[in-house]
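# What the coordinates show
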Amino acid sequence: MISAGVEVKINRLESIVEQIGEAVLSTTETIERLAQRLDTLSIQVEAQGQQVQQQGYQIVALCDAVQTLAESQHDSLQKLNQLTQTLDQFMSLIQALDQ
């Protein structure tokens, strides 16, 4: 026969083992939830990275468009200056003919 003291110790050990098991299960569940959250965050960060990259491409394209516009404006101003000079010459010729 097992003495009452030994039986109490066995019951305590069983209780401790049960509590350890519950703690391990709880910890495992918590770790699984954290892993899922990390996966979700990783997906979100990757998506945001792609958006930032796409915005970078758009900024480069916008810079190219602005540069092209500036060059076109410069060319237009040069042609306008040439046209103004030509008109000035015509006006001078017309004025000279009128005199």
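### Here we look at the overall build of the protein
When helices and strands are tallied, the protein shows one helix and zero strands. Dimensions of the protein, computed from the C-alpha atoms along their principal axes, are close to 145 × 15 × 10 Å. When each of the 99 residues of the protein is scored for burial, the buried share is 0%. By element, 60% of the accessible surface of the protein is carried by carbon and sulfur atoms, the whole surface being about 9300 Å². Averaging the coordinates of the 5 positive side-chain charges in the protein and doing the same for the 13 negative ones gives two points 20 Å apart.

### As for a nonpolar patch on the surface
On the surface, L77, L80, L83, L87, F90, M91, L93 and I94 cluster together into a nonpolar patch covering about 780 Å² of accessible area. Tracing the backbone through its elements, the reader meets L83 in helix α1 (residues 4-98).

### Considerations on the environment of I94
Summarising the element assignment, I94 is placed in helix α1. Look at I94 and you get partly exposed, because its relative accessible area is 45%. Taking the C-alpha atoms as reference, I94 lies 92 Å from I31; in sequence the two are 63 residues apart.

About the thresholds
Every chain is numbered on its own, with residues counted from 1 as its sequence reads. Residues qualify for local features only when their pLDDT is at least 70, as the model is predicted, and side-chain atom pairs are given and counted only at 80 or more; totals for whole chains, interfaces and linings, by contrast, use all residues. Side-chain measures here rest on the full set of heavy atoms in the structure, leaving out hydrogens and waters. Put simply, DSSP marks the helices as runs of H or I at least four residues long and the strands as runs of E at least two long, and each gets a number from the N terminus on. With a 1.4 Å probe rolled over the protein chains alone, any residue whose accessible area is under 20% of its type maximum counts as buried; one over 50% counts as exposed, and the rest are partly exposed. Exposure was quantified through the Shrake-Rupley algorithm and a 1.4 Å probe, taking into account, for residues, occlusion by the shown protein chains and nothing else. We score Asp and Glu as negative and Lys and Arg as positive, and we do not count His or the chain ends. To locate a charge, the coordinates of NZ of Lys, CZ of Arg, CG of Asp or CD of Glu are taken. Nonpolar side chains (Val, Leu, Ile, Met, Phe, Trp, Tyr) are joined into patches within 5 Å and like charges within 9 Å, using only residues with over 30% relative accessible area and no salt bridge. A carboxyl oxygen of Asp or Glu within 4 Å of a side-chain nitrogen of Lys or Arg is what we treat as a salt bridge.

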